[in-house]
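# Analysis of the macromolecular model
This is what each chain is made of:
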Amino acid sequence: MPTYLFYPRRADGVSLTFIANAAQNDLEALQLAVDVAAAHDCVGVFVWEPATAADGKDRFVGEVERRGAQVLHRPMPERGASAPV
C-alpha cells in the first residue's frame, strides 16, 4: 500500500507540518485528506505521493479545501485533482 504525504495548509498557503499515511489509491488518499483538514482546522490539505521511481520526484496527487474556509492563497492550476469538502 503506497504512503502519501498530507500537508495541512493555513489561509496564507503555508504548511508547517506534514502527516504520512498509507492509502490504497489516490481517491482514498484524498478522502483521508478530508479527515486531516477537519482534525487540523485548516483551510485545505495538499496530498503528495513520495518518489518511488528512479527520477526521484514526488507526485502531486491533489488538494482538498474545506467549504467555507477563507483562502488567501490560490495554488497553481492544473497540478492535480482538487476537491472541496
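If you're wondering where the values come from, they're calculated on a predicted model, not measured in any experiment. (Residues numbered from 1 in each chain as written. Predicted model: local features only at pLDDT ≥ 70, side-chain atom pairs only at ≥ 80, totals over all residues. Heavy atoms only, no water.)

## What to know about the environment of Ile19
Inspection of the secondary structure puts Ile19 in strand 2 (residues 19-22). Using a relative accessible area of 24% as the deciding quantity, one classes Ile19 as partly exposed. With 14 residues separating them in the primary sequence, Ile19 and Leu5 have C-alpha atoms 5.6 Å apart. Excluding its chain neighbours within four sequence positions, the residues that come into contact with Ile19 are Tyr4, Leu5, Phe6, Pro8, Val36 and His40. (Helix = DSSP H or I, 4+ residues; strand = E, 2+ residues; numbered from the N terminus. Buried < 20%, exposed > 50% of the residue type's maximum accessible area, 1.4 Å probe, protein only. Contact = heavy atoms within 4.5 Å.)

## With respect to helix 1 (residues 26-40)
Taking 1.5 Å per residue as the helical rise, helix 1 with its 15 residues ought to reach 21 Å, and the 21 Å between its terminal C-alpha atoms agrees with that figure. Of all the positions in helix 1, only Ala29, Leu30, Ala33, Val36 and Ala37 are classed as buried. The buried residues of helix 1 all sit within an arc of 105° when viewed along its axis, so they share a single face. Exposed side chains of helix 1 directed beyond 90 degrees from the buried face belong to Leu27, Asp35, Ala38 and Ala39. Asp41 lies just past helix 1 and shows a positive phi near 45°. (Expected span 1.5 Å × (residues − 1). Arc of directions from axis to C-beta.)

## Here we look at the confidence of the model for the protein
As a general rule, the predicted coordinates of low-pLDDT regions are not to be interpreted in detail. The share of residues in the protein with pLDDT of 70 or more is 78%, and the mean pLDDT across the chain is 81. Per-element mean pLDDT across the protein ranges from 50 in strand 5 (residues 81-84) up to 96 in strand 2. Note on residues 70-78: pLDDT is under 50 here. Beyond four places in sequence and across chains, it has 15 contacts. (pLDDT = per-residue confidence, 0-100.)

## Topic: the side chain of Glu49
Mapped onto the fold, Glu49 is located in strand 3 (residues 44-49). At a separation of 2.6 Å, a polar atom in the side chain of Glu49 contacts the side chain of Arg59. Apart from residues no more than four positions distant in its own chain, Glu49 is found in contact with Pro2, Thr3, Tyr4, Asp58, Arg59 and Val61. (Polar contact = N/O pair within 3.5 Å; in protein donor to acceptor, adjacent residues only side chain to side chain.)

## A short note on the packing of aromatic side chains
Any aromatic ring pair is given by two values, namely how distant the centres are and how the planes are angled relative to each other. Here the structure, examined in full by the defined rule, presents three aromatic pairs. Feature note: the residues Phe46, Trp48 and Phe60 constitute an aromatic cluster, connected by ring pairs. (Phe/Tyr/Trp six-rings, centres within 6.5 Å; stacked < 30°, edge-to-face > 60°.)

## Here we look at the pattern of salt bridges
For the coordinates displayed, the defined rule picks out five salt bridges. A salt bridge links Glu49 to Arg59, with the shortest nitrogen-to-oxygen separation between them at 2.6 Å. Of this pair, Glu49 sits in strand 3 while Arg59 is found in strand 4 (residues 59-65), placing the two residues 10 residues apart along the sequence. When its relative accessible area of 35% is taken as the criterion, Arg59 is described as partly exposed. One salt-bridge network, held together by shared partners, links Arg9, Glu63 and Glu65. (Salt bridge = Lys/Arg side-chain N within 4 Å of Asp/Glu carboxyl O.)

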